[in-house]
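# Per-entry structural report
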Amino acid sequence: MRTTAPSDRPTALVIEDDETIGSHLQSGLRGNGYRCAWSRTGAAGLTQARTTPTDVVLLDLGLPDIDGVDIARSLRAEHPDLLLVILTARSDDIDVIAGLDAGADDYLVKPFSLTVLLARLRAHLRRRPPTPTDTPALHLGDLTLDAAARRCLIGDQEVPLRPKEFELLAVLARHHGTAVSREDLMAQVWDENWFGPTKTLDVTIASLRRRLHTAAATLPAPHLPAITTLRGHGYRLQLTASPRHQNDDS
Ligand code: CA
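Residues numbered from 1 in each chain as written. Predicted model: local features only at pLDDT ≥ 70, side-chain atom pairs only at ≥ 80, totals over all residues. Heavy atoms only, no water.

## Overview of the coordination of the calcium ion
Note the cut-off: Donor atoms: N, O and S within 2.8 Å of the metal, or within 3.2 Å for Na, K and Ca. Because water is excluded, sites can look incomplete. Only DSSP runs of H or I with at least four residues qualify as helices, and only runs of E with at least two residues qualify as strands; both kinds are numbered from the N terminus onward. Relative accessible area decides the class of each residue, using a 1.4 Å probe on protein chains only: under 20% of the type maximum gives buried, over 50% gives exposed, and in between gives partly exposed.
All of the protein donors around the calcium ion are Asp-17 (OD), Asp-60 (OD) and Gly-62 (O); their distances to the metal are 2.2 to 2.3 Å. Every donor residue of the calcium ion comes from the same chain, spaced as D-x42-D-x1-G. Of this pair, Asp-17 sits in the loop between β1 (11-15) and α1 (19-30) while Gly-62 sits in the loop between β3 (56-60) and α3 (68-78), placing them 45 residues apart in sequence. Take Asp-17: its relative accessible area is 33%, and that puts it in the partly exposed class.

## Some remarks on the sheet that holds strand β11 (residues 225-230)
Counted only if it meets this: Here a strand pair is declared whenever DSSP counts at least two bridges between the two strands. Where helices are involved, their axes are fitted lines through C-alpha atoms of the stretch in contact, as for all axes, and angles between N-to-C directions lie from 0 to 180°. Whether two residues are in contact is decided by their heavy atoms: any pair within 4.5 Å suffices.
Read from one edge to the other, the open sheet built from 3 strands follows the order β10-β12-β11, with strand pairing classed as antiparallel. Because the sheet does not close on itself, it has two edges, and the strands there are β10 (179-181) and β11. Here the strands of the sheet are splayed against their neighbours by 25 degrees on average, with no regard to which way each runs. In terms of strand pairing, β10 meets strand β12 (residues 234-239) through 3 bridges, oriented antiparallel. For Ala-179, the partnering residue across the bridge sits in β12 and is Arg-236. The sheet strands contacting helix α6 (residues 163-174) are β10, β11 and β12, and the helix crosses β12 at an angle near 65 degrees.

## Some words on the packing of helix α7 (residues 182-190) against helix α8 (residues 199-216)
We count it as follows: Here the angle decides the label: under 35 degrees means roughly parallel, over 145 means roughly antiparallel, 65 to 115 means roughly perpendicular, and every other value means oblique. Gly is placed with the polar residues, together with every amino acid not listed as nonpolar (Ala, Val, Leu, Ile, Met, Phe, Trp, Tyr, Cys and Pro) or charged (Asp, Glu, Lys and Arg).
One can describe the packing of α7 onto α8 by two numbers: an axis separation of 10 Å at closest approach and a directional angle of 80 degrees. Considered as vectors, α7 and α8 are oriented roughly perpendicular to each other. For the pair α7 and α8, contact is made by Arg-182, Leu-185, Met-186 and Trp-190 and by Thr-200, Leu-201, Asp-202 and Thr-204, respectively. Its residues assigned to classes, the contact of α7 with α8 shows 4 nonpolar, 2 polar and 2 charged.

Rendered as structure tokens:
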């Protein structure tokens, strides 16, 4: 669950029963721009993650109440976007593998350096695209795209979009006026490890254009951004000066 505003500090949660390590982590994270909560049991950590928007969890595997691997699994199931890093005193590969399989993004074996931990967190957070809730509503002519509310409006009319259509439009809108390659669109909307046929992208673009066109038909003189096909490259969403060039496949 990542609901941090763009200028906000990331929120970390430390789940660790060791007083020394827990307080070291909490003060280290707070001193480096994070908000930070600290739970000393697995149950308390799960409750904290459920009740407070959290970007990063640092999870000790050896907790007094619930096995850390089970907590990792629950956290991942409940908060798919969470950055989850396992901290383990166990250096056995099997524990690390179990933790990663349970949904952790990374791990550090104790004792670890705070500097290394902070660098790893920066690297992970940098690679993450902004979540929809990070993004204010975009207005492009008569088109309003409110990713936080997951609404697409043309004028005052709600445009019903399927999830992939919405995500595709959101990516194009975030880069409006700029060409976005097919690879980037596939990676951001479908699967970061995507390779292979990308026919599904064209099909989704076609249905997106249709839905926008249908909704625009209710306005007397709609002014909408066009989705332009860039042959051999990708697509570009751009607000054209003239309302006559809408949604054309040039
Ligand atoms: Ca422990």
